[in-house]
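# Architecture at a glance
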Amino acid sequence: MRVKPILSALFVAAASLSALSVQAETITLKVAHFLPPSAPGHTKFIAPWCEKIEQESKGELKCQIYPAMQLGGTPPQLFNQARDGVADIVWTLPGYTAGRFPVTEIFELPFMTTTHSPSSMAMWDFVSENAMDEYKGVKLIGAWVNGANQLHMRDKPIRTLDDLKGLKVRAPSRLGNRLLATLGATPVGMPVPQMAESLSKGVIDGALVPWEVLPATKAHELTKYHTDTAPGRAMTTATMVYVMNEKRYNSLPDHLKKVIDDNSGREVSGWIASQYQAADAAGREAAESRGNEVIVLSADETAKWEAASTSVVDEWVKDITSKGKDGQKMVDEARALVKKYTEAAN
């Protein structure tokens, strides 16, 4: 007579355990990038971001981070790894795949940006409005610029434009190549992980990168001179994006999509960039502590460099306009957004 109540109780208990099991299920996201785990991008941005989504999802979302291309491939393949599902999320540079992100790269134009967070918030707005067709197959979580790139040289100080002539300098992107060429250098395109070895072997005379890259790559130990433009005038920078496989995002339940959404966007892009600002200060300190010389160009000398680089902007406008877009209007819009957020920050 008591069999049915017992079976009923067992069924309820089993159902409860099953519900708890479902509730406690953890979704682990594979997050890939190209630098070592000591790099600021890993320690100051990706790891904290992952901790935040784990906390806000009450443990339902976790990250397994794969630094230094541990999932295989090369840095230029990272975007495809996210799009194709090899990784769930990647941090990469659009500039690593020349010509694939022609609208996004507007923020790599010479003297387009100012400081980290304002320029990055401007980039998010601009990309959201003008370049989303470049991100098919992925969800854009963040879009930002790192700090102004400086010239970091092995043996020769750069104090004027003439000092650059004929020197082989690592460039971060297609537009970085063009910039260096207009300034008189011989550009050598390569991802950051190849830079240190090329410096140590003398394959290149210097590199165009931001301060924050130096400690993780030990490039401050391979260079003696560092040249920066006048404050608030970034010679060039690199665009960066943090993207998630679209199908993986769409497979999440709504409450977990919201966690990702709450940790995406303009403010998140500005926050990521602010982490690079602190890392830039640490990178410069590392160079100075070795006795390296830091050369800051005067406003007048910086103006000469900017004037010499206007052809890069003109060429970009021509290229984009030939693709059916209004290149000059885009340049004006990007500059207006940078000015807007820079003035708001000051």
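Residues numbered from 1 in each chain as written. Predicted model: local features only at pLDDT ≥ 70, side-chain atom pairs only at ≥ 80, totals over all residues. Heavy atoms only, no water.

An unreviewed UniProt entry annotates the protein chain as TRAP transporter substrate-binding protein of Paenalcaligenes hominis.

### Re the overall build of the protein chain
So the rule is basically this: Helix and strand assignments follow DSSP, with helices taken as H or I runs no shorter than four residues and strands as E runs no shorter than two, numbered in order from the N terminus. Every residue pair with non-hydrogen atoms within 4.5 Å of one another is taken to be in contact. We get accessible surface area from the Shrake-Rupley algorithm with a probe of 1.4 Å; when it comes to residues, only the shown protein chains can shield them. This count recognises Lys and Arg as positive and Asp and Glu as negative, with His and chain-terminal groups excluded. Note on charges: their place is set at NZ of Lys, CZ of Arg, CG of Asp or CD of Glu.
Counting its regular elements, the protein chain contains 13 helices and 11 strands. For the protein chain, the C-alpha atoms occupy an extent of roughly 100 × 45 × 40 Å along the three principal directions. Contacts in the protein chain between residues at least 24 apart in sequence constitute 76% of all its contacts with a sequence separation of at least 6. Accessible area for the protein chain stands at about 15,300 Å²; split by element, carbon and sulfur atoms hold 53% of it. Placing the 38 positive and 40 negative side-chain charges of the protein chain at their respective mean positions leaves the two points 5 Å apart.

### A look at the confidence of the model for the protein chain
Atom-level detail of predicted coordinates should not be read off regions where pLDDT is low. For clarity, the cut-off: Scored from 0 to 100, pLDDT records how confident the predictor is in each individual residue.
Chain-level pLDDT for the protein chain is 92 on average; 93% of the residues reach the 70-or-more range. In this model residues 9–22 is a low-confidence stretch, pLDDT under 50, and it forms 0 contacts with partners more than four residues away in sequence or in other chains.

### Thoughts on the nonpolar core
Put simply, the rule reads: The definition of a nonpolar core used throughout is a set of buried Ala, Val, Leu, Ile, Met, Phe, Trp, Tyr and Cys residues joined through side-chain atoms within 4.5 Å. Accessible area is worked out with a 1.4 Å probe on protein chains only. A residue is then buried under 20% of its type maximum, exposed over 50%, and partly exposed in between.
By size, the foremost hydrophobic cluster in this structure holds 84 residues, and its most contacted members are Trp 91, Ile 106, Phe 107, Tyr 242 and Ile 260. Not counting residues within four places of it along the chain, the set of residues in contact with Phe 107 comprises Met 112, Thr 113, Ser 119, Ala 122, Met 123, Phe 126, Val 145, Thr 237, Thr 239, Ala 334 and Val 338.

### Examining the sheet that holds strand E3 (residues 89–92)
Condition: Whether two strands pair comes down to DSSP finding at least two bridges between them. An axis is simply a line fitted to the C-alpha atoms; with a helix, the fit covers only the stretch in contact. Between two such axes, the angle follows the N-to-C directions and lies from 0 to 180 degrees.
Pairing is mixed across the open sheet formed by 5 strands, whose spatial order is E2-E1-E3-E10-E4. Edge positions in the sheet fall to strand E2 (61–66) and strand E4 (138–145), since each of these pairs with one other strand and no more. Averaged over all neighbouring strand pairs, the angle between strand axes comes to 20°, with direction disregarded. Pairing of E3 with strand E10 (residues 239–245) involves 4 bridges; the strand directions are antiparallel. Counterpart to Val 90 in the pairing with E10 is Val 243. Against the sheet, helix H4 (residues 116–130) engages E4 and E10, with an angle of about 145° to E4. Seen against the sheet, helix H10 (residues 266–289) touches E3, E4 and E10 and runs at an angle of roughly 45° to E4.

### Here's the deal with the environment of Ile 53
With respect to the helices and strands, the residue Ile 53 is situated in helix H2 (residues 40–56). Since its relative accessible area comes to 0%, Ile 53 is described here as buried. For the pair Ile 53 and Gly 72, spaced 19 residues apart in the sequence, the C-alpha separation amounts to 25 Å. Apart from the residues within four sequence positions on either side, Ile 53 is in contact with Leu 29, Leu 61, Cys 63, Val 259, Ile 260 and Asn 263.

### Here we look at the sheet that holds strand E9 (residues 225–228)
Ordered by their spatial adjacency, 6 strands build an open sheet running E7-E6-E8-E5-E9-E11, and the pairing between neighbours is mixed. Here the strands that pair on one side only, and so sit at the sheet edges, are strand E7 (186–189) and strand E11 (293–296). Neighbouring strand axes in the sheet, compared pairwise and without regard to direction, differ in orientation by 25° on average. Pairing of E9 with E11, which is carried by 4 bridges, proceeds in the parallel orientation. Paired with Tyr 225 across the strands is Glu 293, a residue of E11.

### Looking at the packing of H2 against H10
The test is simple: Note on terminology: angles under 35 degrees are roughly parallel, angles over 145 are roughly antiparallel, angles of 65 to 115 are roughly perpendicular, and the others are oblique. For any pair of crossing helices, the crossing counts as left-handed if the nearer helix is rotated counterclockwise from the farther one by less than a right angle, and right-handed if it is rotated clockwise. When residues are sorted by character, Ala, Val, Leu, Ile, Met, Phe, Trp, Tyr, Cys and Pro go into the nonpolar class, Asp, Glu, Lys and Arg into the charged class, and all the rest, Gly among them, into the polar class.
At a closest axis distance of 9 Å, the pairing of H2 and H10 adopts a crossing angle of 150°. When the interaxial angle is binned, H2 and H10 end up roughly antiparallel. In this structure, H2 meets H10 at a crossing whose hand is right-handed. Where H2 approaches H10, its residues Pro 40, Gly 41, Lys 44, Phe 45, Pro 48 and Trp 49 are matched on the opposing element by Trp 271, Ile 272, Gln 275, Tyr 276 and Ala 279. A per-class count over the contact of H2 with H10 returns 8 nonpolar, 2 polar and 1 charged.

### Here we look at the environment of Arg 266
Condition: Identification of polar contacts relies on pairs of N or O atoms within 3.5 Å, with a donor-acceptor requirement for protein atoms, meaning one able to donate a hydrogen and the other able to accept it, and with residues adjacent in sequence counted only if both atoms are side-chain atoms.
Relative to the assigned elements, Arg 266 resides in helix H10. We classify Arg 266 as partly exposed; its relative accessible area is 34%. Along the sequence, Arg 266 and Gly 41 sit 225 residues apart, while their C-alpha atoms lie 18 Å from each other. Within the structure, the side chain of Arg 266 is placed 3.1 Å from the side chain of Tyr 341, a separation counted as a polar contact.

### Examining the state of the cysteines
The following threshold applies: Our working definition of a disulfide is a cysteine sulfur pair at a distance within 2.5 Å.
Enumeration according to the criterion identifies 1 disulfide in this entry. There is a disulfide in this structure between Cys 50 and Cys 63, and the S-S distance comes to 2.3 Å. Taking the sign of the S-S torsion, about -90° here, the bridge from Cys 50 to Cys 63 comes out left-handed. Placement of the pair is Cys 50 in helix H2 and Cys 63 in strand E2, with a sequence separation of 13 residues. Using a relative accessible area of 6% as the deciding quantity, one classes Cys 50 as buried.

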